[in-house]
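These are the residues of each chain, in order.
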Amino acid sequence: MAWVRTCKPIVPGGEVLAPGEPEARLKAERLAKGVPLQPDTWASIVACARSLGVTVPN
């Protein structure tokens, strides 16, 4: 893997990544910061939860 990383990236200033590495980075970011949702999607989830009697934190 170290040899592959020494290859010249296609985009100048970019980096060479191993298969699965972008996904692993995204997973780590989502675990740390949560999954981003559009405001209307979150509002729909909250409305559904409340209609079922589920308390939704603010």
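Conventions we followed
- Residues numbered from 1 in each chain as written.
- Predicted model: local features only at pLDDT ≥ 70, side-chain atom pairs only at ≥ 80, totals over all residues.
- Heavy atoms only, no water.
- Helix = DSSP H or I, 4+ residues; strand = E, 2+ residues; numbered from the N terminus.
- Buried < 20%, exposed > 50% of the residue type's maximum accessible area, 1.4 Å probe, protein only.
- Areas by Shrake-Rupley, 256 points an atom, 1.4 Å probe, with all protein chains shown as cover.
- Expected span 1.5 Å × (residues − 1).
- Polar contact = N/O pair within 3.5 Å; in protein donor to acceptor, adjacent residues only side chain to side chain.
- pLDDT = per-residue confidence, 0-100.
- Salt bridge = Lys/Arg side-chain N within 4 Å of Asp/Glu carboxyl O.

> For this particular structure, what's the right way to read the overall build of the chain?
Along its length, the chain carries three helices and zero strands. Viewed in the frame of its principal axes, the chain has a C-alpha envelope of about 55 × 20 × 15 Å. For the chain, the residues scored as buried account for 9% of the 58 residues in total. Accessible area of the chain: about 5,200 Å², with a carbon and sulfur share of 64%.

> How should helix α2 (residues 21-33) be read in this particular structure?
Because each turn of an α-helix spans 3.6 residues, side chains separated by three or four positions end up pointing in the same direction. Across its 13 residues, α2 extends 18 Å between first and last C-alpha, which sits within 8% of the 18 Å expected from 1.5 Å per residue. Downstream of α2 by a residue or two, Gly34 has a phi angle that is positive, lying close to 90°.

> So what exactly am I meant to see when it comes to the side chain of Glu21 here?
If you trace the backbone, Glu21 turns up in helix α2. For Glu21, a relative accessible area of 17% corresponds to the buried category. Here the side chain of Glu21 touches Arg5 through a polar contact of 3.1 Å, side chain to side chain. A polar atom in the side chain of Glu21 sits 2.9 Å from the backbone nitrogen of Ala18.

> How should I be thinking about the confidence of the model for the chain in this particular structure?
Parts of the model with low pLDDT should not have their predicted coordinates read in detail. The predicted model of the chain averages 94 in pLDDT, with 100% of residues at 70 or higher. When the elements of the chain are averaged for pLDDT, helix α1 (residues 2-5) gives the smallest value, 86, and α2 the largest, 97.

> In this structure, what is going on with the pattern of salt bridges? I would like to understand it.
A side chain of one charge can pair with a side chain of the opposite charge when the charged atoms of the two come close. Taken as a whole and judged by the stated rule, the model has three salt bridges. Two residues, Glu15 and Arg25, come together in a salt bridge whose shortest N-O distance is 2.8 Å. Here Glu15, found in the loop between α1 and α2, pairs with Arg25, found in helix α2; they are ten residues apart in sequence, far enough to count as distant. According to the relative accessible area criterion, Glu15 is exposed, its value standing at 51%. The class for Arg25 is partly exposed, based on a relative accessible area of 39%. Counted as one network, the salt bridges with shared partners bring together Arg5, Glu15, Glu21 and Arg25.

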